[in-house]
Amino acid sequence: MLNGIDARVTPDLMDCMMRMGHGDELVVADANFPSTNHAASTLFGQVIELPGFSAPEAISLITNLLPLDPFVDACALRMEIDDEPETLGEVHREAFEIIEAAMPEGAATGSIERQDFYVRASQAFGVVATTEARPFGCFILRKGVIF
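Residues numbered from 1 in each chain as written. Predicted model: local features only at pLDDT ≥ 70, side-chain atom pairs only at ≥ 80, totals over all residues. Heavy atoms only, no water.

Visitor: Looking at this structure, how should I read the packing of aromatic side chains?
Guide: Each aromatic ring pair is summarised here by two numbers: the centre-to-centre distance and the angle between the ring planes. Here the structure, examined in full by the defined rule, presents three aromatic pairs. Ring geometry for Phe33 against Phe117: centres 5.8 Å apart, planes inclined by 85 degrees, an arrangement best described as edge-to-face. Residue Phe33 is located in the loop between β1 (25-29) and α2 (35-39), and its partner Phe117 is located in helix α5 (residues 114-122); the two are separated by 84 residues in the primary sequence. No difference in accessibility class separates Phe33 from Phe117, as the two residues are buried. Note on Phe96 and Phe139: the rings are 6.2 Å apart at their centroids and 65 degrees apart in plane angle, and the pair reads as edge-to-face. Remark: Phe139 occurs in strand β6 (residues 139-142) and Phe96 occurs in helix α4 (residues 90-102); sequence separation between them is 43 residues. You can call Phe139 buried: its relative accessible area is 0%. (Phe/Tyr/Trp six-rings, centres within 6.5 Å; stacked < 30°, edge-to-face > 60°. Helix = DSSP H or I, 4+ residues; strand = E, 2+ residues; numbered from the N terminus. Buried < 20%, exposed > 50% of the residue type's maximum accessible area, 1.4 Å probe, protein only.)

The following block contains the structure:
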C-alpha cells in the first residue's frame, strides 16, 4: 500500500502509467474488445486486468493519476458506434463526463471509427481490460504532462 494511491490501482496499472511518457496512449477496453490480442503488440506487452470495473470507473481511477494531453486534437477518443458515428451511447456520456472533469484547459475529446480504433489500439502503450458490458465502451486516453 502507498499513501494517497487508490487501493484499486493494480501494480500492473501503476507500472504501465509510470512508464508512459508524454503522448503515449492507454486503451480502456470493454468486455467485448480483444484485449489480450491487442495488448500483445503494445509496448507494455500484456493486458492490464480491471475485473469488476465499468469503463467509466476505470477511466476515473486512471485520470486521478494520469494527466491528459491538451496539445493534440483529442486527449481522449471513444470508439464510434457502427454506422452511427455521431451517436453517443450511455457509456460514452458517462465516460466523457469524467474525462472532461479531468481535462486541462484547452483539451478536447473526439471519436474514432471502430476498425481504426483497433489499429490504433495495437500501437498504444498499453491496454486496460474492464468488464464493461455496454457495446462500444472502448476509449483511448493520451498522457499529457504535469503542470
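Visitor: Please explain the sheet that holds strand β2 (residues 48-50) as it appears in this structure.
Guide: Strand-to-strand pairing in sheets goes through backbone hydrogen bonds, with the strands running parallel or antiparallel. Read from one edge to the other, the open sheet built from six strands follows the order β2-β5-β1-β6-β3-β4, with strand pairing classed as mixed. Because the sheet does not close on itself, it has two edges, and the strands there are β2 and β4 (109-112). Direction aside, the axes of adjacent strands within the sheet are offset by 25 degrees on average. In this structure, strand β3 (residues 76-79) lies alongside β6, joined through three bridges in antiparallel fashion. Bridging across to β6, Leu77 finds its partner in Ile140. (Pairing = 2+ DSSP bridges. Axes fitted to C-alpha atoms, helices over the stretch in contact; angles between N-to-C directions.)

Geometric values such as these leave the question of function open.
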